[in-house]
Amino acid sequence: MKNPIDNLNKVFDSRIRLGVMSVLLVNEEINFNDLKDLLQLTDGNLASHLSHLEENGFIKVRKGFIGRKTNTTYSITKAGEKAFKDHLAGLENMIKSIK
Amino acid sequence: MRSKEESLDALQDIRKMMERSSRFISLSGWSGISAGICALLGAWFGYGVLARTGGESVSASSRTSQVGLSSMGEIQQLLLIGRLTFAAAAVSAFIFTYIRSKKNAIPMWGLTAKRLLINTMVPMIVGGLVILRMMQTGYYDLVGSCSLVFYGLALVNASKYTLNEIRYLGYAELALGLIDLWQRGYGLLFWALGFGVLHIIYGTMMWWKYERVQSK
């Protein structure tokens, strides 16, 4: 029998990274501060999780400016969407397998 | 090793984050109730003005075609009441929603609030300008029904960005507004039903559905 845990992605073990992906799946684009408010995190904490996701190719980063302030926005990549959906399916299987 | 509980927790987290980030969910039922009460009070004062100035019907419409000095005064008074009612309703609605967002520990002024506000304000401002022009050109008959119609459209539009149920309030406002378009002399009654009674019903239902459990 296939091990249900195979489908679970290690990257999404962190609740914060899971949260980021959930937000990005329903929002085309979101900037750093809004994301920080939603997840109620500190700058440094969020930044490290975001760079982890970026390294895995799950999110795209776009740096822009509003006036003279930097405005960094994030969006989900195709690969990220697939990985996240697979992870969801994995969670579902996990729950089904332990009845 | 992951357990079933952990997986369920994760799924719930995902759902919560999706909802929090896409919809403004702090909108309190009390906001609807308080706005409705303000509207009913406003309608009552408005009725008082109309009764005092000797109108036999419950509407500003039937007599304003003959714009005399006395009816201009009447319209000024009604407009003042309208503005005060709107301000009181907005302030009270804001307060209850603010309290709820504090309770839920969700920042009130965030991404979702901005989105909700923009998408509500577009039909409202356009409607406001149309109504302003109507008053300038003397079509007072249509002011009440058009405010219901534009408000209904704003709510239907807003429903994508907040509690989905507000869509049905929007439909109800639209229906009332459209019926009112073909009625004469019941403007204030429709206004009180749409902005007063419907808000109170909606607010009560939303409170019952979302806040009752937490508030016990």
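Scroll up a little and you will see the structure.
Residues numbered from 1 in each chain as written. Chains lettered and ligands numbered in written order. Predicted model: local features only at pLDDT ≥ 70, side-chain atom pairs only at ≥ 80, totals over all residues. Heavy atoms only, no water.

Caption draft 1: Molecular detail of the overall build of chain A. A tally of helices and strands in chain A yields four helices and three strands. The helix and strand sequence of chain A, counted from the amino end, reads α-β-α-α-β-β-α. Expressed along its principal axes, the backbone C-alpha trace of chain A runs to roughly 55 × 25 × 20 Å. Here chain A, with 99 residues, has 44% of them falling under the buried criterion. Of the contacts made within chain A by residues no fewer than 6 positions apart, 56% connect residues no fewer than 24 positions apart. Here chain A displays about 5800 Å² of accessible surface, and carbon together with sulfur accounts for 51% of that area. Each charge class in chain A can be summarised by its mean position, and for the 15 positive and 12 negative side chains these summaries are 1 Å apart. (Helix = DSSP H or I, 4+ residues; strand = E, 2+ residues; numbered from the N terminus. Buried < 20%, exposed > 50% of the residue type's maximum accessible area, 1.4 Å probe, protein only. Contact = heavy atoms within 4.5 Å. Areas by Shrake-Rupley, 256 points an atom, 1.4 Å probe, with all protein chains shown as cover. Lys, Arg positive; Asp, Glu negative; His and termini not counted. Charge placed at Lys NZ, Arg CZ, Asp CG, Glu CD.)

Caption draft 2: Structural view of the overall build of chain B. Of regular secondary structure, chain B possesses seven helices and zero strands. Restricting the contact set of chain B to residue pairs at least 6 apart, pairs at least 24 apart contribute 76%. As displayed, chain B offers around 11900 Å² of accessible surface, 69% of which is attributable to carbon and sulfur atoms.

Caption draft 3: Summary view of the pattern of salt bridges. According to the stated counting rule, one finds nine salt bridges over all chains in the structure shown. Across the pair Arg15 of chain A and Asp13 of chain B runs a salt bridge whose closest N-O atoms are separated by 2.8 Å. Here Arg15 of chain A, found in helix α1 (residues 15-26), pairs with Asp13 of chain B, found in helix α1 (residues 4-22), and the two come from separate chains. Residues Glu29 of chain A and Arg62 of chain A are paired through a salt bridge, measuring 3.0 Å at the closest nitrogen-oxygen approach. Taken together, the residues span a long stretch of sequence, with Glu29 of chain A in the loop between α1 and β1 (30-31) and Arg62 of chain A in strand β2 (residues 59-66) at a distance of 33 residues. For Glu29 of chain A, a relative accessible area of 38% puts it in the partly exposed group. (Salt bridge = Lys/Arg side-chain N within 4 Å of Asp/Glu carboxyl O.)

Caption draft 4: Layout of the environment of Asp9 of chain B. Residue and element names in this part refer to chain B. Tracing the sequence through the fold places Asp9 in helix α1. Assessed through its relative accessible area of 37%, Asp9 is described here as partly exposed. Separated by 25 residues in sequence, Asp9 and Ser34 have C-alpha atoms that sit 36 Å apart.

Caption draft 5: Layout of the interface of chain B and chain A. The partner chain A presents 24 residues to the 21 residues of chain B that form the contact. Summed over both partners, the interface of chain B with chain A comes to about 2000 Å²; 66% of that surface belongs to carbon and sulfur atoms. Our count for the chain B to chain A interface comes out at one salt bridge. Viewed at the interface, chain A and chain B are joined by three residue pairs in polar contact (both at pLDDT 80 or more). Where the side of chain B that touches chain A is concerned, the elements lending two or more residues are α1 and α4 (111-136) of chain B. Considering only residue class, the side of chain B that touches chain A consists of ten nonpolar, four polar and seven charged. (Buried area = accessible area lost by both parts, 1.4 Å probe. Polar contact = N/O pair within 3.5 Å; in protein donor to acceptor, adjacent residues only side chain to side chain. Nonpolar A, V, L, I, M, F, W, Y, C, P; charged D, E, K, R; others polar.)

Caption draft 6: Focus on the nonpolar core. By size, the foremost hydrophobic cluster in this structure holds 30 residues, and its most contacted members are Phe12, Val20, Met21, Leu35, Leu46, Leu50 and Leu53 of chain A. Only α1, α2 (32-39), α3 (43-55), β3 (69-76) and α4 (78-97) of chain A together with α1 of chain B provide two or more residues apiece to this core. Per-element tally for this core: the top contributor is α1 of chain A, with five residues. Met21 of chain A has contacts with Phe12, Leu53, Phe58, Ile59, Ile76, Gly80 and Phe84 of chain A, leaving out every residue within four places of it along the chain. Within the second largest apolar cluster, 13 residues are counted, among which are Tyr151, Leu155, Ile166 and Met206 of chain B. (Core = buried A, V, L, I, M, F, W, Y, C linked by side-chain atoms within 4.5 Å.)

Caption draft 7: Highlighting the environment of Asn9 of chain A. When you line up the elements, Asn9 of chain A lands in the segment before α1. If sequence neighbours within four positions are ignored, Asn9 of chain A has contacts with Phe58, Ala83 and His87 of chain A.

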